[in-house]
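The lines below spell out each chain.
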Amino acid sequence: MDINIHYAFLPHTDPDKSLAFYRDLLGFELRNDVGYNGMRWLTVGPPDQAMAIVLYPPEAEPGLTDDERRTVAEMMAKGSYARITFASNDLDGTFEQLQAADVDVVEEPADQPYGVRDCAIRDPAGNLIRINQLA
């Protein structure tokens, strides 16, 4: 079998803030910017990788009731709805750059009991981002 990760989906609450975070701060490239019915989907990814993240408006999720949409919004606001893990060859240097940019820091770089060194931040929508140190 030959399987690769192609897209991961993360919700956004403000496409312009998300674009500034992922493109301007993290250095991802903007691959697609699609508007439809007053909403906006952004596809971003590292310039040297095929895998991409689709940042989508959570209100576009099909089949949700109004109560469920409110629950999603509440979970996003608490940072408990979506998450992704990145990796860096220089975790401490990456963290210093993110901290200098005044990102929402959840956890400073630390050696975890499960065998990785990582840190945690939140993107503008509250999505949890863990960044692992590559060995």
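Just above, that's the structure.
Keep in mind that what you see is a predicted model, and the values were worked out from it rather than measured.

Visitor: Could you give an account of the overall build of the chain, with specific residues and numbers?
Guide: When helices and strands are tallied, the chain shows three helices and eight strands. The N-to-C order of helical and strand elements in the chain reads β-α-β-β-β-α-β-α-β-β-β. Its C-alpha atoms give the chain a radius of gyration of 16 Å, near enough to 14 Å, the size a compact globule of 135 residues would have. With the C-alpha coordinates aligned to their principal axes, the bounding extent of the chain is approximately 45 × 35 × 30 Å. For the chain, the residues scored as buried account for 36% of the 135 residues in total.

Visitor: How would you explain the sheet that holds strand E6 (residues 104–111) if you had to name every residue and give the values?
Guide: In space, the four strands of this open sheet follow the order E5-E8-E7-E6, with mixed pairing throughout. In the strand order of this sheet, the two ends are held by strand E5 (83–88) and E6, each with one partner. Adjacent strand axes in the sheet meet at a mean angle of 15° when their direction is disregarded. Where E6 and strand E7 (residues 117–122) come together, five bridges link them in antiparallel fashion.

Visitor: Describe the pattern of salt bridges, with residues and values.
Guide: Applying the stated rule across the entire model yields 10 salt bridges. Each member of the salt-bridge network shares a partner with another, and the members are Asp16, Asp33 and Arg40.

Visitor: Give a description of the sheet that holds strand E2 (residues 29–36) that names residues and reports values.
Guide: Taken together, the four strands give an open sheet; going across it, the order is E1-E4-E3-E2, and neighbouring strands pair in mixed fashion. At either margin of the open sheet sits one strand with a lone partner, and together these are strand E1 (7–11) and E2. Within the sheet, the average angular offset between the axes of one strand and its neighbour, ignoring direction, is 20°. With five bridges connecting them, E1 and strand E4 (residues 52–56) associate as parallel partners. Bridge pairing in E4 links Ala8 to Ile53. This element, helix H1 (residues 15–25), spans E1, E2, strand E3 (39–45) and E4 of the sheet and lies at about 5° to E3.

Visitor: Give me the side chain of Ser18: which residues, what numbers.
Guide: Looking at the element boundaries, Ser18 is found in helix H1. Judged by relative accessible area, Ser18 falls into the buried class, the value being 1%. Sequence-distant contacts of Ser18, that is, excluding residues within four places in its chain, are made with His12, Leu55 and Pro124.

Thresholds applied
- Residues numbered from 1 in each chain as written.
- Predicted model: local features only at pLDDT ≥ 70, side-chain atom pairs only at ≥ 80, totals over all residues.
- Heavy atoms only, no water.
- Helix = DSSP H or I, 4+ residues; strand = E, 2+ residues; numbered from the N terminus.
- Rg over C-alpha atoms; globule rule 2.2 N^0.38 Å.
- Buried < 20%, exposed > 50% of the residue type's maximum accessible area, 1.4 Å probe, protein only.
- Pairing = 2+ DSSP bridges.
- Axes fitted to C-alpha atoms, helices over the stretch in contact; angles between N-to-C directions.
- Salt bridge = Lys/Arg side-chain N within 4 Å of Asp/Glu carboxyl O.
- Contact = heavy atoms within 4.5 Å.

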